[in-house]
Amino acid sequence: MKLFVYETPEATPTDYLPDCAVVIDVLRATTTIATVLAAGAEAVQAFSDIEELMDVSAKWETKLRLRAGERGGAKVEGCDLGNSPLDCTCELVKGKRFFLSTTNGTRALHRVENSSVVLTAAFVNDHSVIDYLKQEQPETVWLVCSGWQGSYSLEDTACAGKIASLLLPPLSHKIAKSVGNDEVIGAIALYSQWQDNLLELFHLSSHGQRLLRLGQTEDLAYCAQQNVLKVIPTQKEPSIL
Ligand code: 3SL
């Protein structure tokens, strides 16, 4: 397996795709996706564009759908929900299609949707994704961080670092063949530094600060949990997990 970390979707190559792309948006899109699927949703359908979400979901029976839209951290008017995983209870989502559009996470998914296998990961389901990768051993794996509007985000890169550190043997020149780019080493270093204090890292991060200003303190604590959901969100057709 050769592992690459991309710190933003924009940093991914445009002339080829990997055998497996893992999209990461810890705060909060991929945490929400894992939560919704673990709670029994029929599927998550992701959109970059809110208008397209509204048009496609309009063809769905009202009681069998939920529309979730977030921009700048806040709920989009006209949607049933924003992007808080804490709203996604079994009672609400079970059996429904979850139509989702967020600022960065759904855009990152769109970027790699034609890869042979597309998964999403967050800290809440990290071990499920790691176990899948260990078992399937795809030849090339991209860990694609969603970042924030083209810039780096600490929480996504830390999650990529955890996945990389548990997939690779201890770092030394002997594993250079498995390390696709220097970002892999940087991500592992970030995770190693903060692994026992992820919540503090989230409070320090720019998007964590944005969510705190919006009163989403409990969301940060939820998203900082590790390995609490046994779910591997896997794309079934482009943008549908
Ligand atoms: O950017 C995104 O895709 C969202 O996850 C951002 S938020 O956490 O919902 O504000």
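J.: So what exactly am I meant to see when it comes to the site of the ligand here?
T.: Near the ligand there are 14 residues, and of these D25, N83, T102, N104 and G105 occur at the shortest range. In this structure, N83 approaches the ligand through a side-chain N or O atom, which is 2.7 Å from an oxygen atom. Here the shell around the ligand is composed, by residue class, of four nonpolar, seven polar and three charged.

J.: Whenever I open this one, the sheet that holds strand β8 (residues 140-145) confuses me. Can you help?
T.: Read from one edge to the other, the open sheet built from four strands follows the order β1-β8-β2-β7, with strand pairing classed as parallel. Because the sheet does not close on itself, it has two edges, and the strands there are β1 (2-6) and β7 (117-121). With strand direction ignored, the average angle separating the axes of adjacent strands in the sheet is 20°. The sheet contact formed by strand β2 (residues 20-24) and β8 spans five bridges and is parallel.

J.: Explanation requested: the state of the cysteines in the structure shown.
T.: This model, assessed by the stated rule, comprises zero disulfides. C145 takes part in no disulfide bond, and the closest cysteine sulfur, belonging to C159, lies 7.9 Å away. For C159, a relative accessible area of 0% translates into the label buried.

J.: Sorry, what's going on with the confidence of the model for the chain here?
T.: The predicted structure's coordinates, where accompanied by low pLDDT, should not be read in detail. Predicted confidence across the chain gives a mean pLDDT of 96, with 100% of residues reaching 70 or more. Interface confidence for the predicted complex, expressed as ipTM, amounts to 0.96; the pTM equals 0.96.

J.: What exactly am I supposed to notice about the pairing of strand β4 (residues 65-71) here?
T.: Successive residues of a regular strand alternate their side chains across the two faces of the sheet. With respect to burial, β4 is a largely interior element, six of its seven residues being buried. Taken together, β4 and the strand that follows it, strand β5 (residues 74-75), pair antiparallel across an intervening segment of two residues, in which G72 is found at a positive phi of about 60°.

J.: What should I look at first to understand the environment of K2 in this one?
T.: Looking at the element boundaries, K2 is found in strand β1. Counting along the chain gives 126 residues from K2 to S128, while the straight-line C-alpha distance between them is 19 Å. A distance of 3.4 Å separates a polar side-chain atom of K2 from the backbone oxygen of K177.

Cut-offs applied
- Residues numbered from 1 in each chain as written.
- Predicted model: local features only at pLDDT ≥ 70, side-chain atom pairs only at ≥ 80, totals over all residues.
- Heavy atoms only, no water.
- Near = heavy atom within 4 Å.
- Polar contact = N/O pair within 3.5 Å; in protein donor to acceptor, adjacent residues only side chain to side chain.
- Nonpolar A, V, L, I, M, F, W, Y, C, P; charged D, E, K, R; others polar.
- Pairing = 2+ DSSP bridges.
- Helix = DSSP H or I, 4+ residues; strand = E, 2+ residues; numbered from the N terminus.
- Axes fitted to C-alpha atoms, helices over the stretch in contact; angles between N-to-C directions.
- Disulfide = S-S within 2.5 Å.
- Buried < 20%, exposed > 50% of the residue type's maximum accessible area, 1.4 Å probe, protein only.
- pLDDT = per-residue confidence, 0-100.

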